[in-house]
Amino acid sequence: MSNTLKRAMDRIAEEKLERREILRLMGLTTMATAGLPGILQYARAQDELKAASELIAGKSDLMIVHNDRVGVMETPLELLREHAVTPKDILYLRNNQILEPEGRNLGGVSLDDWTVELSGLVAFPRVVTGAMLAAMPQTEVEMVLQCSGNGRSFYARAVRTRGTQWAHGGMGNVTFGGVMLRDVLASFDPPLNPRPEVAFITAEGADAPPEGASRPDFEHSVPLEDALNRGMLAITMNGEPLPGAHGGPVRLVIPGYYGTMNVKWVSTLRFETEETNNVNQIPRYRVPKDPIEPGTPIDYTFDNSTANWRQRVKSVIFEPLNGAELAAGTVTVRGVAWGGDAPITMVQVSADNGASWQAANLQTPGSTWAWHHFSAELEVASGEQRIWVRAIDELGNSQPLNGTVRWNPSGYEWNGADYVDVVIG
Ligand SMILES: Nc1nc2c(c(=O)[nH]1)N[C@H]1C(S)=C(S)[C@@H](COP(=O)(O)O)O[C@H]1N2
Ligand SMILES: [Mo]
């Protein structure tokens, strides 16, 4: 077996290579792999699943399909790194429930018949229609949309966790456009003022549980303050009508928050004093407040855990790719970093497992929540080497070298320092 293939297989075990890349590396056709037991489990698994474009019309078939019933797909890193703003045909997708037909394609969905009800602890409920939203002043925000399960597969370095084994590609950098939530509230006459005791906004999606599932609708609660400071009702993505598959016609978007809090097909916003006890708020989509030993179960309460709200500081190496064989000398390391609380102020790279760190060049984007691109020229010794990266935000939040310190039973909020293994010639 060639070294390249061996490394590719190691990577399949950890990260999942895109099927075609594996086949290309092997120099084999799908036919030829049939007689190779044990090899290419992943490639075969992909062959048994529906292709991305069959699930969602317009999605690229280079996507890694994780689940072809509700629709869960990941962007291969090789594709993700090609675009400063992630195009809709390769943006990751994560559905928990089923929505027909809006959730099945990348086209826009008519705003005319869509309504969002605003209710709960308010003087009286109001309704905002899609058409009203389209007529209000619009704001755009470039931001990272990231599943809180992104990077979950890396927790297997300690104990494998349940759920989709995302590598790096459960995220993208997109531009949402729409109306700031505070402007929606102010647009009513009289303005909608939540009662003083309101602490959360609970958003409900119009999607229904898969047939036979006993789950309720998809709901999440977010803190009122952030929702009013940065939240919006989005009706566009990347300058086009919001694709049905990504929550069109109307999606709640809270920049800096994990993907799951960005409720697609939003139908109701409730102003409440407590977080909802919907299964998607508790016990799903939560992490323990205090570290727990990998492998330990925990019964979540609102007190001992936090919802997947603000994204943890994170960075991903785009170049070199894991397994690359490089000429001796300096190595160009580049990638992206982002956080959920504050802008990234520093990115550091290391070629000696963290004994010393070198500051990378960092580009500051116009938006706090967008990808911050970094690059560095790093001196790397010959042989098999590991190149590390970590980011630090303005508040001093950073990334643990050993990301498994944040181990939790559902594998959420991975933010361990990223690394790639390379061979320097
Ligand atoms: N209504 C609704 N909103 C939802 C979901 C869902 O299943 N239903 N999934 C959430 C999760 S877990 C993620 S990661 C993001 C995925 O967004 P995307 O499919 O546009 O990439 O949507 C979130 N919003
Ligand atoms: Mo997610």
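Refer to the structure above for everything that follows.
What counts and how
- Residues numbered from 1 in each chain as written.
- Chains lettered and ligands numbered in written order.
- Predicted model: local features only at pLDDT ≥ 70, side-chain atom pairs only at ≥ 80, totals over all residues.
- Heavy atoms only, no water.
- Pairing = 2+ DSSP bridges.
- Helix = DSSP H or I, 4+ residues; strand = E, 2+ residues; numbered from the N terminus.
- Axes fitted to C-alpha atoms, helices over the stretch in contact; angles between N-to-C directions.
- Salt bridge = Lys/Arg side-chain N within 4 Å of Asp/Glu carboxyl O.
- Buried < 20%, exposed > 50% of the residue type's maximum accessible area, 1.4 Å probe, protein only.
- Near = heavy atom within 4 Å.
- Polar contact = N/O pair within 3.5 Å; in protein donor to acceptor, adjacent residues only side chain to side chain.
- Areas by Shrake-Rupley, 256 points an atom, 1.4 Å probe, with all protein chains shown as cover.
- Nonpolar A, V, L, I, M, F, W, Y, C, P; charged D, E, K, R; others polar.
- Phe/Tyr/Trp six-rings, centres within 6.5 Å; stacked < 30°, edge-to-face > 60°.
- Lys NZ or Arg CZ within 6 Å of the ring centre and 35° of its normal.

What follows covers the sheet that holds strand β9 (residues 219–223). Here we have five strands laid out as an open sheet, ordered β5-β4-β13-β8-β9, and mixed in their pairing. Two strands bound the open sheet, and with one partner strand each, they are β5 (126–129) and β9. Within this sheet the neighbouring strands show an average axis-to-axis angle of 20 degrees, counted without direction. Where strand β8 (residues 200–205) and β9 come together, five bridges link them in antiparallel fashion.

Cis geometry marks the peptide bond from Asp189 to Pro190, where omega comes out at 0 degrees. You can see Pro190 is positioned in the loop between α8 (181–187) and β8. The peptide bond linking Glu319 to Pro320 adopts the cis configuration, its omega dihedral lying at 0 degrees. Summarising the element assignment, Pro320 is placed in the loop between β16 (314–319) and β17 (325–326). Backbone geometry at Tyr285 places phi at a positive 55 degrees, although glycine is not the residue there. Inspection of the secondary structure assignment puts Tyr285 in the loop between β13 (266–272) and β14 (286–288). With a phi close to 60 degrees, Glu413 is a non-glycine residue in the positive phi region.

Let us now look at the pattern of salt bridges. Side chains bearing opposite charge may pair, as long as their charged atoms lie close to each other. Under the defined criterion, the tally for this structure stands at twelve salt bridges. Its salt-bridge partner being Arg270, residue Glu204 comes within 3.8 Å of it at the nearest N-O pair. Of this pair, Glu204 sits in strand β8 while Arg270 sits in strand β13; the two residues are 66 residues apart in sequence, bridging distant segments of the chain. Taking relative accessible area as the criterion, Arg270 reaches 18% and is therefore assigned buried. Between Glu319 and Arg334 there is a salt bridge, with its nearest N and O atoms 2.7 Å apart. In this pair, Glu319 sits in strand β16 while Arg334 sits in strand β18 (residues 329–338), placing the two residues 15 residues apart along the sequence. Owing to a relative accessible area of 26%, Arg334 belongs among the partly exposed residues under this scheme. One connected set of salt bridges, linked through shared partners, spans Glu204, Glu219, Arg270 and Glu272.

Before going further, it helps to examine the site of ligand 1. Around ligand 1, the surrounding shell holds 20 residues, and the nearest of these are Tyr92, Asn96, Asp207, His246 and Lys264. Measuring from an oxygen atom of ligand 1, one finds a side-chain N or O atom of His246 at 2.6 Å. Within the contact set of ligand 1, a nitrogen atom lies 3.1 Å away from a backbone nitrogen or oxygen of Asn262. Surface burial for ligand 1 is 100%, taken as the share of its 530 Å² of free accessible area covered by protein chains. Its residues assigned to classes, the shell around ligand 1 comprises eight nonpolar, eight polar and four charged.

Turning our attention to the packing of aromatic side chains. For any pair of aromatic rings, the description consists of the separation of the ring centres together with the inter-plane angle of the planes. Tallied over the entire structure, the rule returns eight aromatic pairs. Each ring, one from Phe200 and one from Trp309, has its centre 6.0 Å from the other, and the planes form 25 degrees; the classification is stacked. With a gap of 109 residues between them, Phe200 in strand β8 and Trp309 in the loop between β15 (305–307) and β16 connect regions that are remote in the sequence. Trp309 shares its class with Phe200; the two are buried. One residue, Arg126, lies across the ring of Phe124, its end atom 4.0 Å from the ring centre. Taking NZ or CZ as reference, Arg390 lies 4.0 Å from the ring centre of Trp357, over its face.

These figures come from the coordinates and say nothing about function on their own.
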